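Results of the structural survey
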Amino acid sequence: MDFSTENEDVPPPFLQRRSTWIVAAAGCVAIALCGWWLRSNHIATTVKELGARHQYDSAWSALRSSQSGMGDCERFGLTGNLAMLDERTDTLLLRMADSIKACSVPPDSLLEYVSLGNLRIANHSHGLDSSAMWRLQANVFRSASECVKADSSNKPCRDYGFAALSGMKDSYGQLAWIQSALVRWPTDSHFLAMQAEAAKANALAKLAVVPTPVENKAEAVKATKKKTKHH
């Protein structure tokens, strides 16, 4: 009889098992991903907190140091959100609206960037003639209108549209715009204050185009003199 001294049921050493290396590799990947996520989350939290405290220079510095710590879409989103808070920015918002198109962003958010970017360009511009300024404000209103069409609950775009109409000195448009907002938010104190502002501006605009009694009398005298001269 042939007796074998090898026991085929004895498992290989722990470090030589395939499952050990598979689990170890998966663990390393999980640790790396967890570390990346923690770093990304820490950067995002830091930038948001600095922005909320209006420490914009520090927030931009923290964001610039995160180039390898987060994905493009997350970085674009943080950049856009910080740019909306920082009043000094204008064209950056337009660049973010273009860059973030590749990410999963609602259409109204893109239009919000465009509206605010153009509105700030108008506010920061000096020396533009009235025609150029009107066209710029019209661009703001156009994008704000599209934003509200995309999402009627977008309050910032309603603010930007109202500001654009103010810049165009369209008091009737202001009143109609804010009244449509009050249909949705009838008790909103911010919109109610804007309605009062628009109503006052519209009343003043009507007074400016309606002839006063003195003007009416002067016109009547001129017409009488002209008629007498012809006779």
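The structure contained in this document is the topic of the report that follows. (Residues numbered from 1 in each chain as written. Predicted model: local features only at pLDDT ≥ 70, side-chain atom pairs only at ≥ 80, totals over all residues. Heavy atoms only, no water.)

Overall, the coordinates contain two aromatic pairs when judged by the stated rule. Summarising the aromatic geometry, the rings of Trp185 and Phe191 are spaced 5.6 Å apart at their centres and angled 45° between planes, so their arrangement reads as tilted. Take Trp185 and Phe191: they sit in the same class, and that class is buried. Looking at Arg75, its charged tip hangs above the ring of Phe76, at a distance of 6.0 Å from the centre. (Phe/Tyr/Trp six-rings, centres within 6.5 Å; stacked < 30°, edge-to-face > 60°. Buried < 20%, exposed > 50% of the residue type's maximum accessible area, 1.4 Å probe, protein only. Lys NZ or Arg CZ within 6 Å of the ring centre and 35° of its normal.)

Time to look at the nonpolar core. Soluble globular proteins tend to pack their nonpolar side chains together in the buried interior. By size, the foremost hydrophobic cluster in this structure holds 28 residues, and its most contacted members are Val47, Trp60, Leu82, Tyr113 and Tyr160. When residues of this core are traced back to their parent elements, those giving at least two are α1 (18-52), α2 (56-64), α3 (72-85), α4 (91-99), α5 (107-124), α6 (130-150) and α7 (155-167). Element by element, the count of residues in this core is highest for α2, at five residues. Every residue in contact with Tyr160, bar those within four places of it in the chain, is listed here: Met84, Glu112, Ser115, Leu116, Leu119, Val140 and Ala144. Among the nonpolar cores identified, the runner-up in size contains 16 residues, and Val148, Cys157, Met168 and Phe191 belong to it. (Core = buried A, V, L, I, M, F, W, Y, C linked by side-chain atoms within 4.5 Å. Helix = DSSP H or I, 4+ residues; strand = E, 2+ residues; numbered from the N terminus. Contact = heavy atoms within 4.5 Å.)

Running from N to C, α6 and α7 cross one another at 155°; their axes reach a closest spacing of 8 Å. By the angle class used here, α6 and α7 are roughly antiparallel. For the pair α6 and α7, the crossing hand works out as left-handed. Two secondary-structure elements touch here, α6 through Gln137, Val140, Phe141, Ala144, Cys147 and Val148 and α7 through Cys157, Arg158, Tyr160, Gly161, Ala163, Ala164, Leu165 and Gly167. (Axes fitted to C-alpha atoms, helices over the stretch in contact; angles between N-to-C directions. Parallel < 35°, antiparallel > 145°, perpendicular 65-115°, else oblique. Left-handed = near helix turned anticlockwise from the far one by under 90°.)

The end-to-end C-alpha distance of helix α9 (residues 189-209), which contains 21 residues, comes to 31 Å, matching closely the 30 Å that a straight helix rising 1.5 Å per residue would cover. Along α9, the residues that are buried comprise Phe191, Met194, Ala198 and Asn202. Down the axis of α9, the smallest arc covering the buried residues is 75°, so these residues share one side. Facing away from the buried side of α9 by more than 90 degrees, the exposed set consists of Ser189, Lys200, Leu204 and Leu207. N-cap assignment for α9: the residue whose side-chain oxygen lies 2.9 Å from the backbone N of His190 is Asp188. (Expected span 1.5 Å × (residues − 1). Arc of directions from axis to C-beta. Polar contact = N/O pair within 3.5 Å; in protein donor to acceptor, adjacent residues only side chain to side chain.)

A few words now on the environment of Lys48. Relative to the helices and strands, Lys48 is located in helix α1. Since its relative accessible area comes to 52%, Lys48 is described here as exposed. Counting along the chain gives 34 residues from Lys48 to Leu82, while the straight-line C-alpha distance between them is 7.5 Å.

Note that every value here comes from positions in space, so none of it alone points to a role or purpose.
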